[in-house]
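Letter by letter, the chains look like this.
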Amino acid sequence: MAERVRRIAGGAGTEQVPPEPEALLLLVARGDEGAFERLYDLVSGPVFGLVRRIVRDPAQSEEVTQEVLLELWRTAARYSPDRGSAMTWVMTLAHRRAVDRVRSAQSATDREDRAHRREATRPFDEVAEQVSTRLEHEQVRRCLSSLTDLQRESVELAYYRGLTYREVAELLDTPLGTIKTRLRDGLIRLRDCLGVAR
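For every chain, the first residue of the written sequence is number 1, and numbering continues from 1 onward in sequence order. Confidence filtering applies because this is a predicted model: local features only for residues at pLDDT of at least 70, side-chain atom pairs given and counted only at 80 or more, and all residues used for totals across whole chains, interfaces and linings. For the side-chain quantities, the full set of heavy atoms in the structure was used; hydrogens and water were omitted.

Visitor: Sorry, what's going on with the nonpolar core here?
Guide: Across soluble globular proteins, nonpolar side chains show a tendency to be buried alongside one another. Throughout this description, the term nonpolar core refers to a set of buried Ala, Val, Leu, Ile, Met, Phe, Trp, Tyr and Cys residues connected via side-chain atoms within 4.5 Å. Burial here depends on accessible area, computed with a 1.4 Å probe over protein chains only, as a share of the maximum for the residue type. Under 20% is buried, over 50% is exposed, and the range in between is partly exposed. Leu25 and Leu72 are the most contacted members of the largest nonpolar core, which has 24 residues in total. Only helix H2 (21-29), helix H3 (33-55), helix H4 (58-75) and helix H5 (86-121) provide two or more residues apiece to this core. Excluding residues within four positions of it along the chain, Leu72 makes contact with Leu25, Val28, Phe36, Leu39, Val43, Trp89, Val90 and Leu93. Leu147, Ala158, Ala169 and Leu183 belong to the second-largest nonpolar core, a separate cluster that totals twelve residues. Elements are defined by DSSP. Helices are runs of H or I of four residues or more, strands are runs of E of two residues or more, and each kind is numbered from the N terminus. Note on contacts: a residue pair qualifies if any of its non-hydrogen atoms lie within 4.5 Å across the two residues.

In structure tokens form, the structure reads like this:
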């Protein structure tokens, strides 16, 4: 291996041979930028091809490829020739990074879908609507309590139980004209209490 490194580094009296990834990685681990440029040229195509098959999106594939190559520069010292070939190690890094990107994108899509479904099934204003309805009910109850007992009884029978004016008159054993007057006066007082515009 040391001989390969010397030949690639351009030792005197040796002929130039195409660089091998293992030797280049060892030089990159020592901070050799020239070796990194040659390693980049050697592995960027296969790395991009693998990433593109997994990620599919061309722009994201380029981004992931750059991340992998940057990781090679930073972590070249972790490569051990005893564990396998340099290309296998590089392609494993690329595969992992590409799968991570796909999983991250899928997680983001899933989160957006869940949030959209929650918004679609439960409108944002549901709580405000419930509060508003409760406040209106309380205001109506308060205004009903401001009516006389006879007015309140007539209004409740006609508007909450759905009885006709005639049925209210019969139920209360009161002339129809009197019931109509109580209801009219009661509704005017309710309107004024509730602040309804005329």
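The structure having been displayed, the exposition proceeds.
Visitor: Mind showing me how you'd approach the packing of aromatic side chains here?
Guide: Where two aromatic rings form a pair, the distance of their centres and the angle of their planes describe that pair. Note on aromatic contacts: the rings of Phe and Tyr and the six-membered ring of Trp form a pair at centre separations within 6.5 Å, being stacked when their planes are under 30 degrees apart, edge-to-face when over 60 apart, and tilted otherwise. Counted by the stated rule, this structure contains three aromatic pairs. Both rings, one in Phe36 and one in Trp73, keep their centres 5.1 Å apart while their planes meet at 65 degrees; by these two values the pair is edge-to-face. Of this pair, Phe36 sits in helix H3 while Trp73 sits in helix H4, and the two are 37 residues apart along the sequence. Taking the relative accessible area as the measure of exposure, Phe36 reaches 17% and is therefore buried. Residue classification places Trp73 among the partly exposed residues on the basis of a relative accessible area of 30%. Relative to Trp89, the ring of Tyr79 has its centre 5.6 Å away and its plane inclined at 50 degrees; by these criteria the two rings are tilted. With Tyr79 in the loop between H4 and H5 and Trp89 in helix H5, the pair connects residues that are ten residues apart, well separated along the chain. The exposure class assigned to Tyr79 is buried, which follows from its relative accessible area of 6%. By the ring-pair criterion, three or more aromatic residues cluster together here, those being Phe36, Tyr40 and Trp73.

Visitor: Would you take a moment to explain the pattern of salt bridges for this structure?
Guide: A side chain of one charge can pair with a side chain of the opposite charge if their charged atoms are brought near each other. By definition here, a salt bridge exists when the distance from a side-chain nitrogen of Lys or Arg to a carboxyl oxygen of Asp or Glu is within 4 Å. On inspection of all chains with the given rule, the structure shows seven salt bridges. For Asp185, the salt bridge goes to Arg184, with nearest N and O atoms at 3.2 Å. A relative accessible area of 29% means that Asp185 is categorised as partly exposed. Arg191 serves as the salt-bridge partner of Asp192, at 3.6 Å between the closest nitrogen and oxygen. Take Asp192: its relative accessible area is 43%, and that puts it in the partly exposed class. On the accessibility criterion, Arg191 (25% relative accessible area) is partly exposed. Salt bridges sharing partners connect three or more residues here, namely Glu63, Glu67, Glu71, Arg97 and Arg101.

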